[in-house]
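Observations on chain architecture
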There are 4 protein chains.
Amino acid sequence: MVEITRPLGRPRSEDARLAVLRAVDDMLVEEGYAAMTMKGIAERARVGRQTVYRWWSSKAEILLEASAADAARELTVPPGPDIETEITEFLVALAAFLTDSDAGLAYRALVGEAQHDQKVAELLRGTDVLGDAARSVLRRSEWRAVARPEEDASVAELVGPVLYRILTADWRADRDSLRTMAKRYLVREGSADAT
Amino acid sequence: MVEITRPLGRPRSEDARLAVLRAVDDMLVEEGYAAMTMKGIAERARVGRQTVYRWWSSKAEILLEASAADAARELTVPPGPDIETEITEFLVALAAFLTDSDAGLAYRALVGEAQHDQKVAELLRGTDVLGDAARSVLRRSEWRAVARPEEDASVAELVGPVLYRILTADWRADRDSLRTMAKRYLVREGSADAT
Amino acid sequence: MVEITRPLGRPRSEDARLAVLRAVDDMLVEEGYAAMTMKGIAERARVGRQTVYRWWSSKAEILLEASAADAARELTVPPGPDIETEITEFLVALAAFLTDSDAGLAYRALVGEAQHDQKVAELLRGTDVLGDAARSVLRRSEWRAVARPEEDASVAELVGPVLYRILTADWRADRDSLRTMAKRYLVREGSADAT
Amino acid sequence: MVEITRPLGRPRSEDARLAVLRAVDDMLVEEGYAAMTMKGIAERARVGRQTVYRWWSSKAEILLEASAADAARELTVPPGPDIETEITEFLVALAAFLTDSDAGLAYRALVGEAQHDQKVAELLRGTDVLGDAARSVLRRSEWRAVARPEEDASVAELVGPVLYRILTADWRADRDSLRTMAKRYLVREGSADAT
DNA sequence: GATTAATCGAGACGGTACGTCGCGTCTTAGT
DNA sequence: ACTAAGACGCGACGTACCGTCTCGATTAATC
């Protein structure tokens, strides 16, 4: 039988961990990323300051842990009647995520921070939330049997335009525009042999 | 006849203004956006701290003033033999701007900061550097006589994919990939009537 | 005949001078010495900052000019029926000056500042407001024909006790105590031959 | 049994406390009260700025804590052969304290500051260094069995004249003058019944 | 009447201390 | 070994005042 020996001493408190994640979630919405501080998080979570630093090295790291699961869930779209609808639904979910959702607010804060802090950039590179969600939609669709070598470019062409408009212009997407974007995207994909 | 009366008191020092802009330019490259402080800028520019605060309200504002002109210049591409080449050259310039140029570093820092600070977001909304550059390329091209209503979407489909890959994955673009992206972009534009 | 040639250029503005003195007077009462600033004085007097610095080098200097005349006037006591009454009246005037009068407030501020600033100490040494007032009372009195060599000590014994209690303990003198002090002072002076 | 529970968290650092007091002591002599700043004190003591503000609210408060003990010690005079000698020795100690001692320099700065700042005035009222020293000399002397109701006045008549001459005129006392002042003081005290 | 020169109010300039806040570390007692 | 609490050294924040400077406008005496 396998004996998994626990490390000596008092084990990590799951209560403290959850309290911190919860605090970060709440504070992001209530005060915004910039106003969030390690000190503030600890106080809000009623947790020692050292406890926070022991398990996370920055507020970005906590935020990633606190929102990654939500992000993936919110970007999942159910199968639809046809590919155009599926793509449209994905774009709708993407836009809603980026403009309305708490997890999306966290994601934007993290992408923003990544432009200032190389460590956060590396953290984010490990989990391409948007890309993964797009890929899972594209792969599921039966309209194209094989994953193509240009998948990354394809994903970028799907996700990029929406992300650009929202990040740089706080764009509020409407369903019609997104359906149009989906159509145009599919036109290009359909005639990809033009490459 | 119109009499333009100067405001009372000692006029603003152009020397101080330029010293600050210069300092911010240098410090961004040498130390990075996050390490830059208002205090540091003032000291580097050998300027009083109050003088900085008198004319700019944040380092983002200074950075924007310091880099906007450079950004616009670096994103300008000369007319080419055909539309595909022009688009490709624009994408090359865009990718180089975002990954290698100092002004591009500034732009990425500003877009990042905009995700944390509403004030910066509004500043950026006033000057769509990337979009304007793209628009000027698209409009110049004679391949389509009329400006199209979906111009914003079109611009986003051109700029977005590159921006997405660079912001979220520190992508290093090669000319071939960009030429391919340009071709695919043109395919979609060409059959836009499919909408 | 003597020709007094005025210096070239615009002459000093008496309006500005009075406005500054007036402002300092008012501000001392309203805000206190510590809260008074050269900048604040200039603004209150609606006068340029340079104008203040041109004629005075510190707020202490302005305050001295603004209050010296008042101080001398308030410490003058009319001749009385006998020496005890005269001394008592002087002590009453002295205590009232130090605890209630605006000029006395200024004097205390200046003596205070003199402990921090050698320049103010020298300014004050030039005008011994309290001592001069005391001397003029003592000399006037016919009870002793000649000015005695220990006049300085005598003045100190008259003024010092009151000043000490007010400066260090914010003492509020009553007339009875002051009369008692006057009597005790005279007893000592009367038997000064005991020296 | 009484359980004294220490307050939570890291206890106050005695090292930091002493370093601050030491720094203030040194800086007062080297730079003077006016040139001393909270920032400078912290840096000199190699202590965080917040640590200074946590325990003291002004440089006056630190100075008082740093010099009160020295002041009391320096103003203590040993019993002498007769009352006149004791009083003279006290006046000598008082004059030396006010003109030569570091603690006396601190005291003068504090009395000065008290004229500008009500808070400092209250601090000083809590510890009448000069008066206490005088009282302990007067009470020790057996020349008068009972403590007299006019003790405060008596103390003021002893301390005041010296303080006045030093504060307002930077007087340098010589032993002979002080012995004369002591004699005159005793004459008055001896015939106090004249009241 | 034009020129000259020192003043005026206004306000920007380079500095620097203010008192606060957050950083990340440390030192307690207690679990 | 972990926990909460909270002091520690450090340094940036944005503000206020320092004393100086640079403007155009004003005010007399001199030319």
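None of the values given here were measured: they were computed from a predicted structure. (Residues numbered from 1 in each chain as written. Chains lettered and ligands numbered in written order. Predicted model: local features only at pLDDT ≥ 70, side-chain atom pairs only at ≥ 80, totals over all residues. Heavy atoms only, no water.)

1. As for the relation of the copies chain D and chain C
Stated formally: Least-squares fitting of one copy onto the other uses the C-alpha atoms of those residues that reach a pLDDT of at least 70 in both copies. Residue contacts are counted whenever heavy atoms from the two residues lie within 4.5 Å of one another.
Mapping chain D onto chain C leaves a residual RMSD of 0.2 Å; the transformation is a rotation of 179 degrees accompanied by 0.0 Å of translation along its axis. The transformation relating the two chain copies, once decomposed into turn and shift, fits a two-fold axis. Relative to the rotation axis, the C-alpha of Gly-112 of chain D is the closest in chain D, positioned 1.7 Å from it. When you check the interface residues of chain D against chain C, 93% turn up at the interface there too, and the contact is symmetric in its surfaces.

2. Describing the interface of chain B and chain A
What counts is decided by this rule: Accessible area that two parts lose when put together, evaluated with a 1.4 Å probe and summed over both, is termed the buried area. What counts as a salt bridge is simple: a side-chain nitrogen of Lys or Arg found within 4 Å of a carboxyl oxygen of Asp or Glu. Secondary structure is summarised from DSSP: a helix means a run of H or I of at least four residues, a strand means a run of E of at least two, and numbering begins at the N terminus for each. Classes in brief: Ala, Val, Leu, Ile, Met, Phe, Trp, Tyr, Cys and Pro nonpolar; Asp, Glu, Lys and Arg charged; the others, Gly included, polar.
At the junction of the two partners, chain B supplies 43 residues and chain A supplies 42 residues. Here chain B packs against chain A, burying approximately 3600 Å² in sum over the two surfaces, 60% of which is carbon and sulfur. Contact with chain A buries area across many residues of chain B, yet His-116, Tyr-164 and Arg-184 of chain B alone supply 23% of it, more than any other trio. At the boundary of chain B with chain A, the tally comes to 4 salt bridges. Arg-184 of chain B is the partner of Glu-157 of chain A in a salt bridge, and the nearest nitrogen-oxygen pair spans 3.2 Å. Taken together, the elements giving at least two residues each to the side of chain B that touches chain A come down to helix 6 (102–114), helix 7 (118–125), helix 8 (129–140), helix 9 (151–169) and helix 10 (175–190) of chain B. Among the elements that make up the side of chain B that touches chain A, the one with the highest residue count is helix 9 of chain B (15 residues). Its residues assigned to classes, the side of chain B that touches chain A comprises 19 nonpolar, 11 polar and 13 charged.

3. Focus: the protein's contact with DNA strand F
Test applied: In this text, near means that some heavy atom of the residue lies within 4 Å of the molecule or strand in question. By the criterion applied in these results, polar contacts are pairs of N or O atoms within 3.5 Å in which, for protein atoms, one can donate a hydrogen and the other can accept it, and in which residues neighboring in sequence qualify only through two side-chain atoms.
Around DNA strand F, the structure places 43 residues, and the nearest of them are Thr-51 of chain A, Arg-49 and Tyr-53 of chain B together with Gln-50 and Tyr-53 of chain C. Backbone atoms, meaning sugar and phosphate, make up 68% of the atoms of DNA strand F lying within 4 Å of the protein. In the environment of DNA strand F, a phosphate oxygen lies 3.3 Å from a nitrogen or oxygen atom belonging to the backbone of Ser-13 of chain A. At a separation of 2.8 Å, a phosphate oxygen of DNA strand F approaches a polar backbone atom of Lys-39 of chain B. At the level of elements, helix 3 (49–55) of chain A, helix 2 (38–44) and helix 3 (49–55) of chain B, helix 2 (38–44) and helix 3 (49–55) of chain C together with helix 3 (49–55) of chain D are the ones that each hand at least two residues to the surface near DNA strand F.

4. Some remarks on the packing of aromatic side chains
Residues and elements named next belong to chain A. Going by this rule: Between rings of Phe, Tyr and Trp, where Trp is taken as its six-membered ring, a pair exists when centres lie within 6.5 Å; planes separated by under 30 degrees are stacked, by over 60 edge-to-face, and by other angles tilted. Accessibility here uses a 1.4 Å probe with only protein chains present; expressed as a share of the type maximum, an area under 20% marks a residue as buried, one over 50% as exposed, and anything in between as partly exposed. Note on geometry: a ring has a charge over it if NZ (lysine) or CZ (arginine) is within 6 Å of the ring centre and within 35 degrees of the ring normal.
This structure, assessed with the given rule, holds 4 aromatic pairs over all chains. Taking 6.0 Å as the distance between ring centres and 50 degrees as the angle between the ring planes, the aromatic pair formed by Phe-97 and Tyr-107 counts as tilted. One end of the pair, Phe-97, is in helix 5 (residues 83–99); the other, Tyr-107, is in helix 6 (residues 102–114), with 10 residues separating them in the sequence. By relative accessible area, Phe-97 is classed as buried at 1%. Residue placement shows Arg-12 over the ring face of Trp-56; its charged tip is 5.3 Å from the ring centre.

5. Notes on the confidence of the model for chain A
Heads up, the condition is: Every residue carries a pLDDT, the predictor's confidence in it, which falls somewhere between 0 and 100.
In the predicted model, chain A carries a mean pLDDT of 89, and 89% of its residues have values of at least 70. Here helix 10 (residues 175–190) of chain A stands out as the element of chain A with the lowest mean pLDDT, 87, in contrast to helix 6 of chain A, whose mean of 97 is the highest.

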